[in-house]
Amino acid sequence: MYEFATGVINVWEKKVLSNLDQERMLKSPDKASAFMVLFDTDFSEIIVTDSQKNIEDVILQDLVALKSKLTKVLDDNELLASFLFLKFDALNIKDMLKRYFFKQEIKKFRPFECSLQPYAKEESFLKILLEGNNRDGVTEKLSNIYVEQLILEAVKTISRYKKDGQDIGSQIIEKSVDTAYFKIKTILAKREKSLGEMTRLEMDLANLRNLLGNNNQDFLEGGNLTISQIKGLSIGKEEESSANLKRFLETLELGFLLEGTEGGAVDILLERKLDGYIAKKVFQKEKERGSGIEKVLAFFQKKMNSYANIRLILFAKENGLSVQDIEGALLPIA
């Protein structure tokens, strides 16, 4: 399975941002020169000749193109495309819920057009569920069953909080959508064995981010790290949290993640290293097999990491940061 996709991706990879391209961007004298390197990659299909185009516009358009291209070459386009792009629907849904409950109090958000369902359609479906004003007791179905299930699960959780008399704040919305998201991702992962490990790692990352952000919301169940292990990291005085985290990661043979994160940058650099760790696991799987679903996952990860690195490099060039200032925060792309 995915033989056709493997062959096509082998061609696409020749134009994806490479380590050499990235090195050229890093050594460029300024932002404009760094941006010009993108004309030698697959981003040239998006930016054409407008070298001043906003990088966020470029990335968002490239995401739409990526979704379209992958969907066309995948044998089971609904399964794997849903697995890969469902997170963008989750981000859109979080924004919809915050707009619904907070009205004008939230920051401006630009919807992801690469989501599995259009933003407006999801919002309409969500409002009917929240307001219960569908007279026949039936809502208009969404074309993607996984997005529909995600919204249904998130609304069900929020309804329970409301029934218990709790105010619906940002943390409840984040928790409700994340729980629904990972529930659906786990269902999708069961249909393809290779997806399970990636889902568990993503849950670990969400829990550790929650911990590093000092949030009080509950942790997610189902990752490699148990909830008791995650909670154990927050026990003790605040100044001991970094030491607790270091000891814990070392017991899991992940202590290397904290190398070079001494001082106040622990949270930021650790998050980047966790992202990088997941990427390396995906790339290793691809090297072991070289084709199939692992090839698709690795290509998708390369694209996601290239977006993050391009943003960071252009930010550094614009603000006069040195290569040394950002090298440790760059994600692997191969």
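Rules of the game
Residues numbered from 1 in each chain as written. Predicted model: local features only at pLDDT ≥ 70, side-chain atom pairs only at ≥ 80, totals over all residues. Heavy atoms only, no water. Helix = DSSP H or I, 4+ residues; strand = E, 2+ residues; numbered from the N terminus. Buried < 20%, exposed > 50% of the residue type's maximum accessible area, 1.4 Å probe, protein only. Contact = heavy atoms within 4.5 Å. Areas by Shrake-Rupley, 256 points an atom, 1.4 Å probe, with all protein chains shown as cover. pLDDT = per-residue confidence, 0-100. Expected span 1.5 Å × (residues − 1). Arc of directions from axis to C-beta. Phe/Tyr/Trp six-rings, centres within 6.5 Å; stacked < 30°, edge-to-face > 60°. Lys NZ or Arg CZ within 6 Å of the ring centre and 35° of its normal.

## A few points about the overall build of the protein
1) Next: Counting its regular elements, the protein contains 15 helices and zero strands.
2) Next: Across the 334 residues of the protein, 48% fall into the buried class.
3) Next: Sequence-distant contacts in the protein: of pairs separated by 6 or more residues, those separated by 24 or more amount to 62%.
4) Next: If you sum the accessible surface of the protein, you get close to 17,200 Å²; carbon and sulfur atoms cover 50% of it.

## Some points on the confidence of the model for the protein
1) Next: Residues with a pLDDT of 70 or more make up 80% of the protein, whose mean pLDDT is 82.
2) Next: The model gives residues 235–241 a pLDDT under 50, and that stretch makes one contact with residues more than four places away or in other chains.
3) Next: Contacts of residues 251–266 to residues separated by more than four positions or lying in other chains number 23 contacts, the stretch itself having pLDDT below 50.

## A short note on helix α7 (residues 119–131)
1) Next: Taking 1.5 Å of rise per residue, 13 residues should cover 18 Å, and α7 covers 18 Å from first to last C-alpha, within 8% of that figure.
2) Next: Among all positions of α7, only Y119, E122, F125, L126 and L130 are buried. Take α7 and look down its axis: the buried residues cluster within an arc of 135°, on one side only.
3) Next: Looking at the residues trailing α7, positive phi occurs at G132, about 60°.

## Thoughts on helix α2 (residues 19–27)
1) Next: Turning to α2, its buried residues number three or more, namely D21, Q22, M25 and L26. On an axial view of α2, the arc spanned by its buried residues comes to 140°, and they lie on one face. For α2, exposure combined with an orientation more than 90 degrees from the buried face picks out L20 and K27.
2) Next: Among the structural elements, α3 (31–36), α14 (293–318) and α15 (323–326) are those in contact with the buried residues of α2.

## Notes on the packing of aromatic side chains
1) Next: On inspection of all chains with the given rule, the structure shows eight aromatic pairs.
2) Next: Where W12 meets F299, the ring centres are 5.7 Å apart and the plane angle is 35°; that geometry is what we call tilted. Of this pair, W12 sits in helix α1 (residues 3–12) while F299 is found in helix α14, placing the two residues 287 residues apart along the sequence.
3) Next: According to the relative accessible area criterion, W12 is buried, its value standing at 18%.
4) Next: An angle of 70° between the planes, with centres 4.9 Å apart, marks the rings of Y181 and F182 as edge-to-face.
5) Next: Following the ring pairs from residue to residue traces out a cluster consisting of F85, F88, F109, F112 and F300.
6) Next: In this arrangement the basic side chain of K185 is found over the ring face of F83, its NZ or CZ atom lying 3.7 Å from the centre.
7) Next: Sitting over the face of the ring of F43, K303 holds its NZ or CZ atom 4.7 Å from the ring centroid.

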